[in-house]
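# Reading the structure
Take a look at the letters that make up each chain.
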Amino acid sequence: MIKESVDALNQPWPQPLQGFAVPYEVFTSKDIYKREQDAIFRGDTWNFVALEAEIPNSGDFKATFIGEAPVLVTRDPDGGINVMQNRCAHRGAMVCREPRGNAAHLECVYHQWAYDLKGKLLGVPFRRGIRGQGGMPDRFALEDHGLDLLRCETIAGLVFATFSRQVAALRDYLGSTVVQAIERIFNRQIEVLGDQRQFMHGNWKLYAENTRDPYHASLLHLFHNTFGLYRASQRGASVMDETGKHSLLYTIAGTTDEKVDKEIYKDSRSYDTAFRLQDPSLLFGRTEFEDGVTLVILSIFPNVIVQQIANTLAVRQIVTRGVDRLELVWTHFGYVDDDSEMREIRIKQANLIGPAGLISMEDGEAVEIVQKAVIGDNGQSSYIAMGGGHAEDANHLVTEGAIIGFWKHYQRQLGLTSRNVRN
Amino acid sequence: MSVSALDPMTLHYHVEQLLARYVHCIDGDELEQWPMLFTEKCLYRVIAKENADRNLPIAAMYCDSRAMLSDRVISLRHANIYEKHQYRHIVSSLRVEARADGTIDARSNYVVYRTRTSGATEVYNAGLYLDRILVQEDRWLFAEKQVIFDTNLIDALMVLPL
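Here, residues in each chain are numbered from 1, in the same order as that chain's written sequence. For this description, chains carry letters from A and ligands carry numbers from 1, given in the order in which they are written. Owing to the predicted nature of the model, reporting of local features is limited to residues with pLDDT of at least 70; listing and counting of side-chain atom pairs is limited to 80 or more, with chain, interface and lining totals taken over all residues.

## Let's talk about the overall build of chain B
Each helix and strand in chain B was counted, giving 3 helices and 7 strands. Counting from the N terminus, the helices are the DSSP runs of H or I reaching at least four residues and the strands are the DSSP runs of E reaching at least two. Going from the N terminus to the C terminus, chain B shows its helices and strands as α-β-α-β-α-β-β-β-β-β. What the globule rule says is 2.2 Å times the number of residues to the power 0.38, and the radius of gyration is computed from C-alpha atoms. For 162 residues, the compact-globule estimate of 2.2 N^0.38 gives 15 Å, and the C-alpha radius of gyration of chain B, at 16 Å, lies within 12% of that figure. Expressed along its principal axes, the backbone C-alpha trace of chain B runs to roughly 50 × 30 × 30 Å. Buried residues are those with 20 or more other C-beta atoms within 10 Å of their own C-beta, exposed residues have 12 or fewer, and partly exposed residues lie in between; C-beta atoms are placed from the backbone. Counting only residues that meet the buried cut, chain B has 31% of its 162 residues in that class. Two residues qualify as being in contact provided that their C-beta atoms, derived from the backbone, are within 7 Å of each other. Contacts in chain B between residues far apart in sequence, at least 24 positions, make up 58% of those at least 6 positions apart.

Okay, structure coming up:
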């Protein structure tokens, strides 16, 4: 374990011989948070902003965030999708003040500057003055004052946007592993079933770690074990893209060996065979995918997770709200061709996920108990080594390799380095 | 007891008593009694107004049997991990309407204050109770309780029933 203290922004992070150490200051420093807003959220990254199914019709709009920047996603009359800063070109007012809706054009309430759904400025009241008085100066041209547009691309019905002019095309940014995992789930038309929102008192990277962590699942989420949805002895894998920034974690359901599981868990509190559901209809479902994979947590850097947990399908968008506050927006979906029984299955199984989720609720607790304890960090670091301590894929789930992949990429993105320390 | 024979004030009294039993049972940590305030086949749905207004079905909690309610209690007692906290429900502005089929519609506002182990109390969740109530063998029970919450930005997690 690393004992020496470090200034995480200005010094190389000390690393042990085996494993990886992250200075706790990354979760508490306002300077680092500010650097992330520039280097990550406004940097060379693609950020999830919407599902196409949320804005299916001309005039539909959704207001959301990239990092802390408010952005607007629209569907224009040509069927195209546009992403722009949600800020009037005049004096900076928020143009769209509702989370979603439909409008023929956008209008800022302050001075009624009107924009089309592609962000072009259409008109300015009193542009030519009234009765020869006032008006805009002679060089004023509408085309110079549109809403700031972001680059946007879609893949399989997910809309991503970036402030960067130079980041590679979305498919290249994601890489083939992630693209395949997305296309596997978004294989046909989806419909939105509802949203859930929660916030956690913790730094966004604690949630990024949590979703790249198959190690904790059977130890923190104790509901899993009785479901047979997830046990560490089940088959599964943790794989990353080439850069290590994205993570795909999946498990294959199958029969599990109760004797083997009991032996593995004998010293932990996790295995309670006495626990049985009085109404097992909660778990009724159907095999939807022929490959037998029943759980997918696909964590796409920096701001979205795509999940398949049994028959629950959702995206979880991370919204940063300060160094120690993150919001999660869950958008649940099904397929347009779901029959009514399938829809009911998804609604009932939704009890398992989300902020009240019988399986997922502990992630909020996990984030908060780390944030509470790393305050006053004295420059100390964590220790991440399960699975060997390298940023490498595993064909099992007893690993933290994808967490290390995340941190190594994070360092590169922020221009930070490590140095080895002899213990 | 025939509900339709009751005068409005008596009806209102009984529904208020049921709601009071309901909140004291949760706030007083007598959660094992909570499912017993519902009929065997029932509906308990805790859903954001944001979804309810758009007719979208995803709820934070969705139980359609007393047994599912018991399962939630067993889970929060034995499986789920969370910081212990104290709810305090305030319910008011109750309106009650007897229906021809002998059931009762009730609508009331609620606020839940939550106190964490730090000792700080905050407004955790506010919304509307839409209830369908009936009388079975002299016991007043919820056939349906829909909790339609305004506070769709949930603080950390939701484990105790609203």
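## With respect to the overall build of chain A
Check the secondary structure of chain A and you find 10 helices and 19 strands. Taken along the three principal axes of its C-alpha coordinates, chain A extends 90 × 60 × 35 Å. Within chain A, the fraction of its 423 residues that count as buried is 47%. In chain A, the share of contacts with a sequence separation of at least 24, taken over all contacts with a separation of at least 6, comes to 63%.

## With respect to the interface of chain B and chain A
Counting residues at the interface gives 31 residues for chain B, matched by 34 residues for chain A. Listing elements by their share of the side of chain B that touches chain A, those giving two or more residues are β1 (38-48), α2 (49-52), β2 (61-63), α3 (66-78) and β7 (153-155) of chain B. The dominant element in the side of chain B that touches chain A, judged by the number of residues it contributes, is α3 of chain B, at 6 residues. Residues are grouped as follows: nonpolar covers Ala, Val, Leu, Ile, Met, Phe, Trp, Tyr, Cys and Pro; charged covers Asp, Glu, Lys and Arg; every other residue, Gly included, is treated as polar. Here the residues of the side of chain B that touches chain A sort into 20 nonpolar, 7 polar and 4 charged. Should DSSP find at least two bridges between two strands, the strands are regarded as paired. Note: strand β12 (residues 190-200) of chain A against β7 of chain B, 3 bridges, orientation parallel. Residue pairing in the sheet places glutamine 198 of chain A in a bridge with isoleucine 154 of chain B of β7 of chain B.

## Describing the nonpolar core
We define a nonpolar core as a collection of buried residues of the types Ala, Val, Leu, Ile, Met, Phe, Trp, Tyr and Cys that are connected via C-beta atoms lying within 7 Å of each other. If you look at the biggest cluster of nonpolar residues, it comprises 145 residues, and the most contacted ones within it are Val49, Val71, Val73, Ala161 and Leu298 of chain A together with Val46 of chain B. In this structure, this core is formed jointly by two domains, domain 1 (47-155) and domain 2 (190-413) of chain A, each of which donates at least three residues. With residues near it in sequence (within four places) discarded, valine 71 of chain A still touches Val49, Thr64, Phe65, Ile66, Val83, Met84, Gln85, Asn86, Leu150 and Ala161 of chain A. These domain boundaries are the output of an automatic or database domain assignment.

## Concerning unusual backbone geometry
Following phenylalanine 301 of chain A, the chain continues into proline 302 of chain A via a peptide bond in cis, with omega recorded as 0°. Here proline 302 of chain A lies in the loop between β15 (293-300) and β16 (304-309). Even without being glycine, alanine 156 of chain A reaches a positive phi, approximately 50°. Assignment of secondary structure puts alanine 156 of chain A in the loop between β10 (149-155) and β11 (158-162). On the neighbour-count criterion, alanine 156 of chain A (16 C-beta atoms within 10 Å) is partly exposed. The phi torsion at aspartate 29 of chain B lies on the positive side, around 60°, for a residue other than glycine. Checked against the element boundaries, aspartate 29 of chain B lands in the loop between α1 (8-27) and β1. Given 11 C-beta atoms within 10 Å, aspartate 29 of chain B falls into the exposed group.

## Side note on the confidence of the model for chain B
Per residue, pLDDT captures the predictor's confidence, and it can take any value from 0 to 100. Across chain B, the average pLDDT comes to 96, with 99% of residues at 70 or higher. In the predicted assembly, ipTM is 0.96 and pTM is 0.95.

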